[in-house]
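Topology and contacts: notes
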Amino acid sequence: MAKEVITSDEQVVLGEEIGHVRLITLNQPRRLNVISSKVVSLLAEYLEKWEKDDDAELILIKGAGRAFSAGGDLKMFYDGRTSKDSCLEVVYRMYWLCYHIHTYQKTQVALVHGISMGGGASLMVPMKFSVVTEKTVFATPEASIGFHTDCGFSYILSRLPGHLGEYLGLTGARLNGKELVAAGLATHFVPSEKLPELEKQLISLNSGEENAVKSVIEEFSVDIQIDEGSVLNKRATMDECFSKETVEDIISSLEAEATQEGNDWMTATLQGLKRSSPIALKITFQSIREARKQILSECLKKEFRLTMNILRTVISGDVYEVI
């Protein structure tokens with residue numbers, strides 16, 4: 001198969017055309033593949049081009065180095081804090097990209113090895129197939145830095161079982177690869193040593209036929225069993241606490257439950273919540289709750305407005321203080 005590599009001048013994103021397969025590599029390993037304005041622009045360009053290309057059938061995306069993507073480029077936001085709406089275009093384009101990924105017309109596979117957080121995880125979770133490993137680490141830590149759960153995650157988290165979404169959004173708790181599959185945030189678990197061969201086999205398949213792609217992935221995937229100490233095994237208590245109607249009531253419920261035997265895990269949860277920006281917690285909480293009754297486009301519009309007003313410090317300047 002002919003192989004064409006398309007790169008930008010900075011090579012922050014690599015795009016390869018191999019037969020009917022298109023491979024995107026996030027290529028800033030030293031910066032944990034953060035999402036900058038250039039990355040957003042290139043991702044949008046590739047995905048739009050390939051969706052219209054009849055020869056493109058299967059889209060693969062991966063990260064170079066030890067991260068898939070650590071999320072948005074915080075330095076970009078901080079450096080632009082004194083210029084009016086310096087990040088308006090990149091924020092708008094990122095949310096458009098999120099919608100495009102959710103509604104993409106061709107088969108997409110994310111090969112997620114290492115860190116996948118915040119906006120970086122928005123390049124993983126909505127894919128038709130998202131493959132994780134024992135080294136995958138997921139989190140939505142935005143509330144802890146004075147921001148809010150964005151890039152479509154108010155929509156995604158609101159659709160998780162029970163009140164797991166509120167728990168993840170407010171605490172920024174990390175999930176490993178097995179937990180991601182168990183929670184429905186990833187489709188397959190593949191041991192990391194098998195990931196390169198899986199990638200080769202998907203390229204050799206040279207087809208985007210969904211069932212064929214699924215069969216290839218399943219040849220490498222293994223059944224998962226979450227660890228006994230996983231927070232996912234504490235869902236009953238979690239749902240009881242995070243079902244409350246306010247952040248204050250959630251914290252009070254956690255404090256009461258933390259005194260019970262076997263609830264030691266709540267101590268770290270409480271400490272994290274109390275270290276976070278109070279207003280960011282309230283915004284994140286309300287956004288996820290509202291999302292239960294919103295469609296994806298409504299969630300993204302809401303998140304766009306929140307993001308811009310946070311960056312403008314209309315709501316709070318906490319995000320810049322934390323960065």
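Each remark here, short or long, concerns the structure printed above.
This text gives an overview of the structure that appears in the document. Quick caveat, the model's predicted, so the values are computed rather than measured. (Residues numbered from 1 in each chain as written. Predicted model: local features only at pLDDT ≥ 70, side-chain atom pairs only at ≥ 80, totals over all residues. Heavy atoms only, no water.)

**Side note on the nonpolar core**
Residues F138, L168 and L185 are the most contacted members of the largest nonpolar core, which totals 79 residues. Ranked by residues supplied to this core, first place goes to helix α1 (residues 37-52) with eight residues. Discounting chain neighbours no more than four positions away, the residues touching L168 are F138, T140, L157, L160, A173, L175 and L185. One finds V21, L23, L58 and F220 within the second-largest nonpolar core, a separate group that totals 18 residues. (Core = buried A, V, L, I, M, F, W, Y, C linked by side-chain atoms within 4.5 Å. Buried < 20%, exposed > 50% of the residue type's maximum accessible area, 1.4 Å probe, protein only. Helix = DSSP H or I, 4+ residues; strand = E, 2+ residues; numbered from the N terminus. Contact = heavy atoms within 4.5 Å.)

**Digging into unusual backbone geometry**
Even without glycine at this site, L32 takes up a positive phi of about 60 degrees. For L32, the position within the fold is in the loop between β3 (21-26) and α1. You can call L32 partly exposed: its relative accessible area is 21%. Phi angles above zero are rare outside glycine, and C151 is one such case at about 55 degrees. As for its position among the elements, C151 is in the loop between β9 (137-139) and α4 (153-158).

**What to know about the side chain of T284**
Looking at the element boundaries, T284 is found in helix α12 (residues 278-291). The class of T284 is buried, set by a relative accessible area of 0%. Excluding residues that lie within four positions of it along the chain, T284 makes contacts with A143, F147, H148, T149, G169 and L170.

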